[in-house]
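In case you want the letters, here they are:
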Amino acid sequence: MNITMLYSKLHRATVTDANLNYVGSITIDRELMDAAKLRIGQKVDIVNINNGERFSTYVIEGEHGKRDICLNGAAARKAEIGDVIIIIAYASMSFEEADHFKPHIILLDEKNNIDEIKDYV
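All values derive from a computational prediction rather than experimental measurement.

Participant: Would you explain the environment of Asn2 in this entry?
Facilitator: Position of Asn2 relative to the elements: it lies in strand S1 (residues 2–14). Side-chain polar atoms of Asn2 contact the side chain of Ser92, separated by 3.5 Å.

Participant: Please clarify how the environment of Lys102 should be interpreted in this entry.
Facilitator: Take Lys102: it is sitting in the loop between helix H2 (95–100) and strand S8 (104–108). With 92 residues separating them in the primary sequence, Lys102 and Leu10 have C-alpha atoms 15 Å apart.

Participant: Whenever I open this one, the pairing of strand S6 (residues 69–72) confuses me. Can you help?
Facilitator: Taken residue by residue, a regular strand's side chains alternate between the two faces of the sheet. Residues Ile69 and Leu71 line one face of S6 and the alternating positions Cys70 and Asn72 line the opposite face, and both faces are buried. In terms of strand pairing, strand S2 (residues 17–19) meets S6 through 3 bridges, oriented parallel. Note that in S6 the partner of Ala18 across the bridge is Leu71. Here 4 bridges tie strand S3 (residues 25–29) to S6, and the two strands are oriented antiparallel to one another. Paired with Ile26 across the bridge in S6 is Leu71.

Participant: Looking at this model, I keep getting lost on the pattern of salt bridges. Mind explaining?
Facilitator: Proximity of charged atoms lets side chains of opposite charge pair with each other. Under the criterion given, the structure shown has 6 salt bridges. Between Asp29 and Arg67 there is a salt bridge; the shortest N-O distance is 3.4 Å. Here Asp29 is found in strand S3, whereas its partner Arg67 is found in the loop between strand S5 (54–62) and S6, with 38 residues between them in sequence. The same class applies to Asp29 as to Arg67, namely buried. The shortest N-O distance in the salt bridge between Arg67 and Glu31 comes to 3.0 Å. Here the residue Arg67 occupies a position in the loop between S5 and S6, and Glu31 occupies one in helix H1 (residues 30–36), the gap between them amounting to 36 residues.

Participant: Which parts of the structure should I look at to understand the pairing of S1?
Facilitator: Inspection of the sheet shows S1 paired to strand S7 (residues 84–94) by 10 bridges, in the antiparallel sense. Along S7, the bridge assignment pairs Ser8 with Ala89. As defined by bridge partners, S1 adjoins S8 across 4 bridges and the pair is classed as parallel. Each residue of the ladder has a partner; that of His11, found in S8, is Leu107.

So, how was this worked out
- Residues numbered from 1 in each chain as written.
- Predicted model: local features only at pLDDT ≥ 70, side-chain atom pairs only at ≥ 80, totals over all residues.
- Heavy atoms only, no water.
- Helix = DSSP H or I, 4+ residues; strand = E, 2+ residues; numbered from the N terminus.
- Polar contact = N/O pair within 3.5 Å; in protein donor to acceptor, adjacent residues only side chain to side chain.
- Buried < 20%, exposed > 50% of the residue type's maximum accessible area, 1.4 Å probe, protein only.
- Pairing = 2+ DSSP bridges.
- Salt bridge = Lys/Arg side-chain N within 4 Å of Asp/Glu carboxyl O.

Encoded structure:
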C-alpha cells in the first residue's frame, strides 16, 4: 500500500504575473524548480495566502534566474500579482519510504529569492 506524502514546496512565493489567455498551468523559475526538485508537467497544489484559494495545476519551466511565478489560464483568476502563495508537490510512497523521506522545503523572500532550504517536515 502507498500513501501520498508532501514531496516538496516553495513556501511564500510571490505571484509576478497572471496570464489569463494562456492554456493553463503555473510558470516557475527554473532555479526554483531545481531547488524544489519539481519537474515540467508535474502536478502541484497552489494555496493562496492572500485569499484562501486552493487549486491544482501543473508546472511549466520559466527562465532561470528571473524569479517568475506566473499563473496561467483559469488559474490566473485565482490570484493577483503580488499575492503570496505556497506551491506544494506530493509523492506516492510506501509506509517504509515515508518513514525515511524528508521533503524539500524552499523558503522564499518577497522577491522569490531563496531564503533557506530545509529537508524536513
